[in-house]
Amino acid sequence: DMTYYGTVGIGTPPRKFNVILDTGSSDLWVVGNTCQTCDPTLRVFDPSSSISFKTAGQRETITYGSGEVSGRIATDTVIMGRFIINRQTFLVADEVSNLLFGEISGIMGLAFDGIAETYGMPFWQALALDGQLAAPEMGFWLSRVIDDPQAADNEPGGAFTLGGTNSSLFQGDIDFVDIPTSPESFDTYWMLSLTSVTVQEKPVPITPGRSALSNIDTGTAFIHGPAKDVAAIWEAVPGSDGSPIGQDSGHSVACTTKVSISLSFGGKLWPINPVDMNLGRLNKTSLLCVGAIFEAEEALSTLGDEYSIIGDWLIGDTFLKNVYTVFRMSPPSIGFAQLSAAAGSSGSSIPHFRLLLSSLLSLFHLTVLHFPHPRWNKTQL
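Reading the values: the criteria
- Residues numbered from 1 in each chain as written.
- Predicted model: local features only at pLDDT ≥ 70, side-chain atom pairs only at ≥ 80, totals over all residues.
- Heavy atoms only, no water.
- Helix = DSSP H or I, 4+ residues; strand = E, 2+ residues; numbered from the N terminus.
- Buried < 20%, exposed > 50% of the residue type's maximum accessible area, 1.4 Å probe, protein only.
- Contact = heavy atoms within 4.5 Å.
- Areas by Shrake-Rupley, 256 points an atom, 1.4 Å probe, with all protein chains shown as cover.
- Disulfide = S-S within 2.5 Å.
- Salt bridge = Lys/Arg side-chain N within 4 Å of Asp/Glu carboxyl O.
- Pairing = 2+ DSSP bridges.
- Phe/Tyr/Trp six-rings, centres within 6.5 Å; stacked < 30°, edge-to-face > 60°.
- Axes fitted to C-alpha atoms, helices over the stretch in contact; angles between N-to-C directions.

Describing the overall build of the protein
Inference 1: The secondary structure content of the protein amounts to five helices and 25 strands.
Inference 2: Each of the 381 residues in the protein was classed as buried or not, and the buried ones make up 59%.
Inference 3: Here the analysis covers contacts within the protein between residues at least 6 apart in sequence; of these, 72% occur between residues at least 24 apart.
Inference 4: Put simply, the protein shows about 15,300 Å² of open surface, and 53% of that area lies on carbon and sulfur atoms.

Rendered as structure tokens:
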């Protein structure tokens, strides 16, 4: 389950594009028709086809943990469901490195404007400030297909709700935790402090304070953390010695081991389905499998100055598939809730489940790009 994406319309008349919904970044970009490094089969944006397109002319490069994109800043009408921003800032990409897979043409950043490389207001934030959202919230349910041997490359991936939550997808209360605030982190990332970790039902100490800051990131496939803490986690797992795989940042574990890990961010302790912790065998004949928690330093070092405010942990879809997640603008906080039976509370896959649109038209289908075992990518962020 490598990445989750939805569809937006850009331009007048609008043209639809599949974009990764990424709470770990703040910029919107799509591939332009002048991109020379892009897959020629991708759907591309042609500025001449939109009567509302305006270019700022300024060139910008956006760096991610697994690649980068370059292009020119522009504005145009962006539509998602019933929501519309007429002069949304975005990047028309003409160079893309190691970021796009399958039918995906770009990324929609859903963090705060303080880290927007295009100097624009993120789409969700512009909607909230314009009064278009019933509530200043975004809700995510990310479905699981990693344990479905019949899964295709693209499968129904869950649901994204703008302007509120979908009560049919969770049960009980949403456990909200306020985002830590500091002059360096204000209005930047969706972050919480990782307060406790249990492995095989036993607590594992992790480094507190600044090192515990965690970016809650729908655009990251796995979990990444400080080398010392990640090693301690894997040392507590039977069948793993805590050592990285060669020069890699990943760790291996006996394929027969049922890895049970839970995380807390100051509220409840949330268990991760053991299925999500196993990314497949090292090779076809190996008795060792790759675990879904990686050392973060290598990937984060590519972010340069941003590394100083992003936090030492990246909490991605390995964890987020196991909870219903709500990102709330005011007060700035993140909430988790137990999944409902309809959303797979038992931890099983539900590949044939289809979600009905709400009457508010604020609920959007997601698609998950699935790479079956034994393929895995240690740096996918």
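Next comes the rest of the write-up.
Observations concerning the state of the cysteines
Inference 1: Scanning the model with the defined rule gives two disulfides in all.
Inference 2: Between the sulfur atoms of C35 and its disulfide mate C38 the distance is 2.0 Å. Looking down the S-S bond of the C35 and C38 bridge, the torsion is 75°, so its handedness is right-handed. By the burial criterion, C35 is buried, and C38 matches it.
Inference 3: Between the sulfur of C255 and that of C289 lies a disulfide, 2.1 Å long from S to S. Between C255 and C289, the disulfide has an S-S torsion of 105° and is therefore right-handed. Taken as a pair, C255 in the loop between strand 16 (252-254) and strand 17 (261-264) and C289 in strand 20 (residues 288-291) lie far apart in primary sequence, 34 residues in all.

Quick notes on the pattern of salt bridges
Inference 1: Within the structure shown, the criterion is met by five salt bridges.
Inference 2: The shortest N-O distance in the salt bridge between R210 and D312 comes to 3.2 Å. One end of the pair, R210, is in the loop between strand 13 (202-204) and strand 14 (213-216); the other, D312, is in the loop between helix 4 (307-310) and strand 22 (313-315), with 102 residues separating them in the sequence.
Inference 3: Accessibility expressed as a relative area gives 39% for R210, which makes it partly exposed.
Inference 4: The exposure class of D312 is buried, given its relative accessible area of 15%.
Inference 5: A salt bridge links K321 to D276; the shortest N-O distance between them is 3.0 Å. In this pair, K321 is assigned in the loop between helix 5 (317-320) and strand 23 (324-328) and D276 in the loop between strand 18 (269-272) and strand 19 (278-281), connecting sequence segments 45 residues apart. For the pair shown, K321 and D276 are each scored as buried.
Inference 6: In this structure, a network of salt bridges that share partners links the residues R59, D94 and E95.

Thoughts on the pairing of strand 23
Inference 1: Buried residues dominate strand 23, accounting for five of its five residues.
Inference 2: Residue alternation in strand 23 divides its side chains into two sets, Y324, V326 and R328 and T325 and F327, and both sets are buried.
Inference 3: Here strand 8 (residues 137-142) runs beside strand 23; their pairing, made up of four bridges, is antiparallel. Along strand 23, the bridge assignment pairs M138 with F327.
Inference 4: Both strand 23 and strand 24 (residues 333-339) contribute to a ladder of five bridges, which runs antiparallel.

Notes on the packing of aromatic side chains
Inference 1: Tallied over the entire structure, the rule returns 15 aromatic pairs.
Inference 2: Look at F45 and F53: their rings are 5.7 Å apart centre to centre, the planes differ by 45°, and that puts the pair in the tilted class.
Inference 3: Plain terms: the ring middles of F265 and F336 are 5.7 Å apart, the flat faces sit at 45° to each other, and that makes the pair tilted. With a gap of 71 residues between them, F265 in the loop between strand 17 and strand 18 and F336 in strand 24 connect regions that are remote in the sequence.
Inference 4: Ring pairs connect the aromatic residues F112, W124, F140, F160, W190 and F327, which therefore count as one cluster.

Some words on the sheet that holds strand 20
Inference 1: Spatially, three strands are ordered 16-20-19 in an open sheet, and the strand pairing comes out antiparallel. Every other strand in the sheet has two partners, leaving strand 16 and strand 19 as the edge strands with one partner each. On average, each strand axis in the sheet is inclined to that of its neighbour by 40°, with strand direction left out of account.
Inference 2: Where strand 19 meets strand 20, two bridges bridge the pair, whose relative direction is antiparallel. Following the sheet pairing, R281 is matched in strand 20 by C289.

Honestly, it's all geometry; don't read function into it.
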